[in-house]
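Single-letter residue listing:
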Amino acid sequence: MPRPLHATIHLDSMQHNLARARACAPQARVWAVVKANAYGHGLERGVRGFAQADGLALIETDNALRLRALGWTKPILLLEGIFDTSDIPLLAEHGIDSTVHCIEQVKMLEYTQLYRPIDVHLKMNTGMNRLGFRPEDFAAAYGRLRAIPGIRNITLMTHFANADELEHPRLSIGEQVRRFRLGADGLPGERSLSNSGGVLHTAELVQELQNDWVRPGIMLYGGTPGGRSAKDYGLLPTMTLKSEIIGIQRLEPGDSVGYGSRFQADRPMTIGVVACGYADGYPRHAEHGTPVLVDGVRTTLVGRVSMDMMAVDLSPIANAHVGSKVTLWGDGLPIDEVAQAAGTIGYELMCAVAPRVRVAEAPLGCDPIL
């Protein structure tokens, strides 16, 4: 028998969350972001779960080609653009759109003859200070791109740094939109501004967020960038990580658990050992008190997570035994709640699930409900 740890992917939930993104921004077309192997869900499942998206967006050129091999015929966008001139013929051959965020990429396009027109997304740095042209340099970059014979459509884009907090004291969405409008003033082309946070706040910022395209990521996988919970936004979990109790120990007051003896019992208690550890992608730094479900009952992690195992408090579960089912996140236990308790974010948990973890799909129609 295989080790009992496994992840279940809920395609129905992926479809549901995409529909929620459309409902939030009904005027816009949707790039479903499938970078990082579709946030750990697998590119093949991304293609099927987001079949109704208008396009798929990711980072790697080779994975863009893989999407084509998987049968995706609609637009594909490289969010970091090209890395070398050798990427450019692939854009033309396979109909892949590229972000352009620096003058070096503009020069690569200028020096390469395109035998077929391509579309690009010109990125403005409105305060994230990661990628993109500053507002005062944006029009000049646009002009150089427009002069390249092989460039067809130019979409204007930026990325929000704090979309989870509308009035962030250092950099609000409103301020980034103001900078974007200033830099893009008078330039033709469609607009692409909103990530998941922007999409979820579209109703509150309907005047500011005039998107032709939106780029939801984490919300499509049942997480949020912060603020309210996924359930509050009507989102469903798309990945459930489950295991089983494989051992039970009974502690007396003063007994400790795990490496470093970090947890010490202050009363008689029973703990269960779960087949899951940091080599499976569960965060080693998760603290005592991080929530788990055992046979559907909420309890907590105790002691330090080791490579292949972790310990949980079985005190609230009267009939717990070897073989009891353990939910580490997903159906019944929001991934964002686990991530917050572990001092990280849901993105990292999804993306960190190790290759040795078995992955299966839930039957369509059997996904979690609100």
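Within each chain, residue numbers correspond to sequence positions counted from 1 in written order. Owing to the predicted nature of the model, reporting of local features is limited to residues with pLDDT of at least 70; listing and counting of side-chain atom pairs is limited to 80 or more, with chain, interface and lining totals taken over all residues. For the side-chain quantities, the full set of heavy atoms in the structure was used; hydrogens and water were omitted.

Caption draft 1: Looking closely at the UniProt feature "binding site: substrate" (unreviewed entry) in the protein. Using the residue numbers shown here, the UniProt feature "binding site: substrate" (unreviewed entry) corresponds to Arg130 and Met307. Their sequence span is 178 residues, while the largest C-alpha to C-alpha distance among them is 34.0 Å; these annotated residues do not converge on one region. The annotated residues contributing to the lining of the largest cavity are Arg130. Structurally, Arg130 is set in the loop between strand E6 (118-123) and helix H7 (135-146). Among the residues examined, Arg130 registers a relative accessible area of 52% and is labelled exposed. In this view, Arg130 contacts Asn125 and His159; residues no more than four positions away in its chain are not counted. To qualify as a helix, a DSSP run of H or I must reach at least 4 residues; to qualify as a strand, a run of E must reach at least 2; elements of each kind are numbered from the N terminus. Take Met307: it is sitting in the loop between strand E15 (297-302) and strand E16 (310-313). Given a relative accessible area of 41%, Met307 falls into the partly exposed group. Contacts between residues were defined by any pair of non-hydrogen atoms, one from each residue, lying within 4.5 Å. Setting aside residues no more than four positions away along its own chain, Met307 makes contact with Gly277, Tyr278, Ala279, Asp280 and Arg356. UniProt positions are given in the numbering used here, feature names are shortened, and annotations may be inferred rather than shown by experiment. Using only the protein atoms, space was sampled on a 1 Å grid; points where a 1.4 Å probe fits but cannot get out form cavities, open sets with protein on both sides within 12 Å along at least five of seven lines form pockets, and lining residues are those with an atom within 4 Å of a point. The classification of residues rests on relative accessible area computed with a 1.4 Å probe and restricted to protein chains. Under 20% of the type maximum is buried, over 50% is exposed, and intermediate values are partly exposed.

Caption draft 2: Structural detail: the side chain of Asp280. On the secondary structure map, Asp280 appears in the loop between strand E13 (269-274) and strand E14 (291-294). For Asp280, a relative accessible area of 0% translates into the label buried. At a separation of 2.9 Å, a polar atom in the side chain of Asp280 contacts the side chain of Arg3. Definition of a polar contact: a pair of N or O atoms within 3.5 Å, with one able to donate and the other able to accept a hydrogen when the atoms are protein atoms, and with sequence-neighbouring residues admitted only if both atoms are side-chain atoms. One polar contact links the side chain of Asp280 to the main-chain amide nitrogen of Gly277, over a distance of 2.9 Å.

Caption draft 3: Representation of the pairing of E16. Side chains Met310 and Val312 project from E16 onto one buried face, and the interleaved Ala311 and Asp313 project onto a second face that is buried too. Two strands make a pair as long as DSSP finds a minimum of two bridges between them. Sheet topology note: the E13/E16 ladder contains 4 bridges and is antiparallel. Its bridge partner being in E16, Val274 is matched across the sheet by Met310. Here 2 bridges tie E15 to E16, and the two strands are oriented antiparallel to one another. Each residue of the ladder has a partner; that of Val302, found in E16, is Ala311.

Caption draft 4: Region of the structure containing the UniProt feature "active site" (unreviewed entry) in the protein. The sites that UniProt annotates as "active site" (unreviewed entry) are Lys35 and Tyr259. Separation in sequence by 225 residues is matched in space for these annotated residues, since their most distant C-alpha atoms are 35.1 Å apart. Relative to the helices and strands, Lys35 resides in helix H2 (residues 35-39). In contact with Lys35, not counting residues within four places along its chain, are Ala57, Leu58, Ile59 and Leu79. Positionally, Tyr259 belongs in the loop between strand E11 (256-257) and strand E12 (263-264). A residue is classified by how much of its surface remains accessible, and Tyr259, at 60% relative accessible area, is exposed. Setting aside its immediate chain neighbours within four residues, Tyr259 contacts Arg304 and Ser306.

Caption draft 5: Fine view of the sheet that holds strand E7 (residues 151-157). Ordered by their spatial adjacency, 8 strands build a closed barrel running E2-E3-E4-E5-E6-E7-E8-E9, and the pairing between neighbours is parallel. Here strand E2 (residues 29-33) pairs with strand E9 (residues 213-214) via 2 bridges, running parallel. Bridge pairing links Arg29 to Trp213 in E9. Only C-alpha atoms enter the line fits that serve as axes; for helices the fit covers just the stretch in contact. Angles between N-to-C directions range over 0 to 180 degrees. On top of the sheet, helix H4 (residues 61-69) reaches strand E3 (55-58), strand E4 (76-78) and strand E5 (96-100); it is set at about 175° to E4, its chief contact.

Caption draft 6: Representation of the packing of H7 against helix H8 (residues 173-184) within the structure. Running from N to C, H7 and H8 point in directions that differ by 40°, and their axes come no closer than 7 Å. It follows from the interaxial angle that H7 and H8 lie oblique. Pair H7 / H8 crosses with right-handed handedness. In contact with Pro135, Phe138 and Ala139 of H7, H8 contributes Arg179, Gly183 and Ala184. Three categories are distinguished: nonpolar for Ala, Val, Leu, Ile, Met, Phe, Trp, Tyr, Cys and Pro, charged for Asp, Glu, Lys and Arg, and polar for the others, with Gly belonging to the last. Broken down by class, the residue content of the contact of H7 with H8 amounts to 4 nonpolar, 1 polar and 1 charged. Throughout, the term roughly parallel applies to angles under 35 degrees, roughly antiparallel to angles over 145, roughly perpendicular to angles from 65 to 115, and oblique to all others. It is the rotation of the near helix from the far one that decides the hand of a crossing: anticlockwise by less than a right angle makes it left-handed, clockwise makes it right-handed.

Caption draft 7: Local environment of the packing of aromatic side chains. Classification of ring pairs rests on two measures: the distance between centres of Phe, Tyr or Trp rings, Trp counted by its six-membered ring, which must be within 6.5 Å, and the angle between planes, read as stacked under 30 degrees, edge-to-face over 60 and tilted in between. If you walk through the whole model with that rule in mind, you get 5 aromatic pairs. Relative to Tyr347, the ring of Tyr39 lies with its centre 6.2 Å away and its plane at 35°, an arrangement referred to as tilted. Taken as a pair, Tyr39 in helix H2 and Tyr347 in helix H11 (residues 346-352) lie far apart in primary sequence, 308 residues in all. Assessed through its relative accessible area of 5%, Tyr39 is described here as buried. Judged by its relative accessible area of 27%, Tyr347 is partly exposed.

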